[in-house]
Structure formats: C-alpha cells, structure tokens
Amino acid sequence: VLRSLGIPTRVITNFNSAHDRNINLSIDKYIDISGKTLHLTEDSVWNFHVWNESWFIRRDLGSFYDGWQVLDATPQERSKGMYQCGPASTRAIKEGDVNLDYDSSFVFAAVNADYVTWICYSNKRKERIYSDTRKIGKFISTKAVGTNSRVDVTANYKYPEVKEISFKISYSQYKNSLMDDRKILVTAV
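Predicted model, so just to flag it, every value in this text is computed and none were measured.

## Some points on the confidence of the model for the chain
When pLDDT is averaged along the chain, the result is 84; 81% of the residues meet or exceed 70. Mean pLDDT values over the elements of the chain span from 51, in helix α4 (residues 171-188), up to 97, in strand β12 (residues 150-152).

## Here's the deal with the nonpolar core
Among the nonpolar cores identified, the biggest contains 13 residues, and V70, I93, V107 and Y157 are the most heavily contacted of them. The element best represented in this core is helix α2 (residues 104-112), accounting for three residues. Core analysis: the second largest hydrophobic core is formed by six residues, A18, A109, A113 and I136 among them.

## With respect to a nonpolar patch on the surface
Together, V11, F15, F48, V50 and F139 give the surface a local cluster of nonpolar side chains, amounting to about 460 Å² of exposed area. Going through the elements one at a time, β1 (9-19) and β4 (44-56) are the ones with two or more residues in the nonpolar patch. As for its position among the elements, F139 is in strand β11 (residues 138-143).

## Here's the deal with the pairing of β1
Counting buried positions along β1 yields eight of 11 residues, so the element is predominantly enclosed. Relative to β4, β1 runs antiparallel, the two being bridged by 10 bridges. Within the sheet, the bridge partner assigned to I12 lies in β4 and is W51. Two elements, β1 and β11, share two bridges in a ladder whose sense is antiparallel.

## Brief notes about the sheet that holds strand β10 (residues 126-132)
Taken together, the four strands give an open sheet; going across it, the order is β3-β2-β9-β10, and neighbouring strands pair in mixed fashion. The strands lining the two open edges of the sheet, one partner per strand, are β3 (37-38) and β10. As paired strands, strand β9 (residues 114-120) and β10 are joined by six bridges and run antiparallel to one another. Bridge pairing in β10 links T117 to Y130.

## Thoughts on unusual backbone geometry
Although it is not a glycine, L25 sits at a positive phi angle of roughly 65°. Take L25: it is sitting in the loop between β1 and β2 (26-31). Located in the positive-phi region is F139, a residue other than glycine, with phi close to 50°. The exposure class assigned to F139 is exposed, which follows from its relative accessible area of 53%.

## Digging into the pattern of salt bridges
One pass over the full model with this rule turns up five salt bridges. A salt bridge links R10 to E53; its shortest N-O distance comes to 2.7 Å. Here R10 is found in strand β1, whereas its partner E53 is found in strand β4, with 43 residues between them in sequence. Across the pair, E53 and R10 agree in class, each one buried. A salt bridge links D60 to R58, with the shortest nitrogen-to-oxygen separation between them at 2.9 Å.

## Regarding the environment of F139
Considering only alpha carbons, one finds F139 and F15, 124 residues apart in sequence, at a separation of 6.1 Å. Non-local contacts of F139, meaning those with residues more than four positions away in its chain, are made with T13, F15, R150, D152 and T154.

## With respect to the side chain of T90
The residue T90 is located in helix α1 (residues 90-95) in this model. The exposure class assigned to T90 is buried, which follows from its relative accessible area of 7%. Non-local contacts of T90, meaning those with residues more than four positions away in its chain, are made with E53, W68, V70, N156 and Y157.

## Some thoughts on the packing of aromatic side chains
As enumerated under the stated definition, the model contains five aromatic pairs in all. An angle of 90° between the planes, with centres 5.1 Å apart, marks the rings of F64 and Y65 as edge-to-face. By relative accessible area, which is 12% here, Y65 ends up buried. The ring centre of W118 lies 4.6 Å from the NZ or CZ of K126, which sits over that ring.

About the criteria used
- Residues numbered from 1 in each chain as written.
- Predicted model: local features only at pLDDT ≥ 70, side-chain atom pairs only at ≥ 80, totals over all residues.
- Heavy atoms only, no water.
- pLDDT = per-residue confidence, 0-100.
- Helix = DSSP H or I, 4+ residues; strand = E, 2+ residues; numbered from the N terminus.
- Core = buried A, V, L, I, M, F, W, Y, C linked by side-chain atoms within 4.5 Å.
- Buried < 20%, exposed > 50% of the residue type's maximum accessible area, 1.4 Å probe, protein only.
- Patch = residues over 30% accessible without salt bridge, like charges linked within 9 Å, V, L, I, M, F, W, Y side chains within 5 Å.
- Areas by Shrake-Rupley, 256 points an atom, 1.4 Å probe, with all protein chains shown as cover.
- Salt bridge = Lys/Arg side-chain N within 4 Å of Asp/Glu carboxyl O.
- Pairing = 2+ DSSP bridges.
- Contact = heavy atoms within 4.5 Å.
- Phe/Tyr/Trp six-rings, centres within 6.5 Å; stacked < 30°, edge-to-face > 60°.
- Lys NZ or Arg CZ within 6 Å of the ring centre and 35° of its normal.

Structure follows, in structure tokens:
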C-alpha cells in the first residue's frame with residue numbers, strides 16, 4: 001500500500017528476534033537450582049521476525065529521526081491500546097532512544113536486547129548467572145533492488161558488537177597493580 005502511494009518501502013528480516021513482553025530491554029530466562037526452566041516470563045526469542053520499513057520525514061520527532069521507519073504489520077503487543085507497531089525510527093533504535101513514542105523500545109529490544117539467565121533459589125532470591133549481549137538481532141536483512149541478493153542492514157539498527165580483548169599478565173604484575181591501587185586509595189584519603 002505504501003509503495004502504491006509513492007513511499008519507499010522494503011521488507012526487513014531480523015534473525016534471533018527478541019520478543020520482550022515486559023519492555024525491560026532484556027530477554028530473561030529463569031531456572032531452578034537443578035537447571036530446570038521455570039516459566040516465570042513471557043519473553044521469547046524467535047528464529048526470525050519480519051517487518052516493513054518506509055522512508056519518512058519526521059516533523060513530530062525532528063529531522064535527526066528522518067529516514068527509514070519500522071512498521072510491523074503483525075504486532076503481537078498492544079501499543080496505546082491497539083495492536084500496532086511503529087513508525088519507529090531506525091535512527092532512534094540505533095541510538096538507543098527508547099523513550100520515544102511509536103514503539104522504539106520494543107523494536108530496540110527486538111534487535112538489541114540482552115539474553116539473561118537467572119537461577120532462582122527456594123528463598124525467592126534470584127541471581128544472574130549468564131548474560132549474552134550478542135545473541136539478539138543477527139543478520140538484519142532486506143532484498144537488494146533488482147536482484148535476489150541479500151543486503152545486510154544491521155548497521156542501520158545497531159553499532160558493531162565490541163570484541164573482547166583477552167590479555168595475560170603475570171601474577172607479580174597483578175600483585176603490583178593491587179599495591180598501586182592501594183597507594184592511590186591511601187593518597188586520596
């Protein structure tokens with residue numbers, strides 16, 4: 001419909017798409033001390049999810065948010081009392097502007113939520129035992145114009161994942177660094 005009105009529109013596929021029911025920007029999994037999954041949340045991760053993007057000028061949000069906007073024709077959650085999603089600015093999603101209207105927090109979570117595992121103890125205490133910041137939002141793609149090739153648009157939704165750099169130091173270097181920290185603390189007091 002939007003294309004017939006002359007509005008540029010394309011289909012987007014997000015792999016490992018988060019469905020964050022409580023909008024806390026994480027997908028929480030709970031287990032008991034034996035490792036059995038507890039069904040305490042309705043959060044989930046879908047193999048993939050598809051939505052549309054359309055190119056809009058955003059006078060309501062400001063020109064910073066002009067460009068591709070997410071519109072989901074199959075929303076699973078109510079937004080302002082109706083089953084709707086968008087138009088959420090991809091720029092807002094990439095920048096983490098999750099407090100804007102039009103479901104930017106929901107779409108942000110779909111592509112960038114943390115996947116967190118919690119262990120629940122019998123005394124109602126819970127402890128985070130695992131967190132994966134890279135699992136959600138993989139190979140965000142659209143079809144190339146005029147061919148059947150895939151175009152990766154992940155960079156429109158999020159910044160590149162930071163790679164962890166491992167390094168080794170000797171025990172004596174570690175011990176000396178602790179002494180240096182203590183000196184700084186004593187000097188500051």
